[in-house]
Amino acid sequence: MRGPQWMDNGMSHIWLPYTQMKTVLPPLPAVRTSGCDIHLADGRVLTDGIASWWTACHGYNHPHIRDAVSTQLSRMPHVMFGGLVHEPALTLATRLARMLPGDLERVFFTDSGSVAVEVAIKIAIQYWINRGVSGRNRLLAFRGGYHGDTLATMAVCDPEEGMHALFNGVLPQHYIMDLPRDRMTLQRLESCLLESGDEIAAILVEPLIQGAGGMLFHDPVVLRHLRTLADRYGILLIFDEIFTGFGRTGTMFACQQADVVPDIMTLSKALTAGTMPLAATVTRTHVFEAFLSDNPLHALMHGPTFMANPLACACANASLDLFETQPRLEQVRQIGAQMAHELAACRHLPNVRDVRVMGAVGVVELETIADMNRLKAALIALGVWIRPFRTIIYLTPSFTIRPNELSRLTDAIRRVIAQGAAS
């Protein structure tokens, strides 16, 4: 079947993400979104089960966000953030500082999650340089972790994850450990810190759920262990909440379930509810103060061209309005309860290793996926947009999804597994 003319003309000039372009099947031409639906050029409508890589937390085309963008567009779509500031960015920074726990109150805006983590790494290393401490230029991160695709972030992802394996030997070397889930892994982590803590600038972790590494869950006590060890060995603690922030795990921020305040936090994904690119790196007061100096070299020398874009900040402020006025966390609770009930039927199907749910994240982990393209096609044939990866089929729906739409998603997962589409 031929696609629309713009697709036939354009595919020979585009480079798609995470794709072997020689063997890739033609992507689907999307022409419109609404609520939890993606409308295709051929008239089909797919129920979106992953909210466009976990971003569209209020659904697509929410009128309040759309109106905020329209108003801001007529007023000032962009202005450089060097030497100038504007109301949308400063209002957003103030609101984030009030929402976040502890004294996480200094906000540095960027335009993608990977760059937000790059900035966090840069801040952590320069923090020690500015304080006159030499040698603290390595990070400690965790197996199963994923923090982005730029060079610095690739270096702190799980080296066994595979996606960045071609760059082994090129990337900076950091410490990659097992999460401290039990006494043995906790002791190994502390031994590493005891032996090499004076080389480590910061500990970096995705709190509660390691997302792109396999939707791997861990208990809040893990975060308390990390805070204790970071304090004991005088190391900064970074929480990458790009996936987990803004309600996805059941609380506004995942760290709140552990009652732990990191020294640095990164945010993106649902920050603008999937409407515009925006990210933030937020630090506690003592981290920011290490950059205050009469020495100009102690400044944070970083500044993306579209940093704090007013349109994106207007989106984020409108999204926060919805979190304040709509029962989003209660909707997350209901989504989690429904997914736990409906996905439970998958536990007894062949090839299923595990079923797990946290907040508005539902995961069916398989023993193997023999033919990923076949599985994806089977899901699309059932009218749903779900993107399995590795050995998992997962759901991260919009918080505004209706119960019948969610049932359509969970039923599609059950049916493709029962029919052997993943085997």
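Above: the structure in question.
Procedures and definitions
Residues numbered from 1 in each chain as written. Predicted model: local features only at pLDDT ≥ 70, side-chain atom pairs only at ≥ 80, totals over all residues. Heavy atoms only, no water. Helix = DSSP H or I, 4+ residues; strand = E, 2+ residues; numbered from the N terminus. Buried < 20%, exposed > 50% of the residue type's maximum accessible area, 1.4 Å probe, protein only. Pairing = 2+ DSSP bridges. Axes fitted to C-alpha atoms, helices over the stretch in contact; angles between N-to-C directions. Contact = heavy atoms within 4.5 Å. Lys, Arg positive; Asp, Glu negative; His and termini not counted. Salt bridge = Lys/Arg side-chain N within 4 Å of Asp/Glu carboxyl O. Polar contact = N/O pair within 3.5 Å; in protein donor to acceptor, adjacent residues only side chain to side chain.

### Points about the overall build of the chain
From N to C terminus, the chain includes 13 helices and 16 strands. Judged by the C-alpha coordinates and their principal axes, the chain covers about 65 × 55 × 45 Å. Here the chain holds 423 residues, and the buried ones make up 52% of them.

### Some thoughts on the sheet that holds strand β4 (residues 104-110)
Sheet strands pair by backbone hydrogen bonding; their relative direction is either parallel or antiparallel. An order of β4-β12-β11-β10-β7-β5-β6 is seen for the seven strands of this open sheet, with the pairing classed as mixed. Each having just a single partner strand, β4 and β6 (175-177) make up the two edges of the open sheet. Strand-to-strand twist of the sheet, defined as the mean angle between neighbouring strand axes without regard to direction, takes the value 20°. Packed onto the sheet, helix α7 (residues 183-196) meets β5 (138-142), β6 and β7 (200-205) and runs at close to 165° relative to β6.

### Details of unusual backbone geometry
Positive phi outside glycine occurs at Asn61, with the angle close to 60°. Inspection of the secondary structure assignment puts Asn61 in the loop between α2 (51-54) and α3 (63-75). In this model, Lys269 sits at a positive phi of 45°, which is unusual for a non-glycine residue. By the element assignment, Lys269 lies in the loop between β11 (264-267) and β12 (279-284).

### Section: the side chain of Asp48
The residue Asp48 is located in strand β3 (residues 45-48) in this model. Despite its burial, Asp48 pairs with no opposite charge, the nearest such side chain being Arg248 at 9.2 Å. One polar contact links the side chain of Asp48 to the main-chain amide nitrogen of Ala51, over a distance of 3.1 Å. What Asp48 contacts, discounting residues up to four positions off in sequence, is Cys36, Ile38, Tyr60, Trp385 and Leu409.

### Focus on the pairing of β12
Buried residues dominate β12, accounting for five of its six residues. Examined bridge by bridge, β4 and β12 share six bridges and lie antiparallel to one another. Across the sheet, residue Thr110 finds its bridge partner in β12, namely Ala279. As defined by bridge partners, β11 adjoins β12 across four bridges and the pair is classed as antiparallel. Across the sheet, Ile264 pairs through a bridge with Thr283, a residue of β12.

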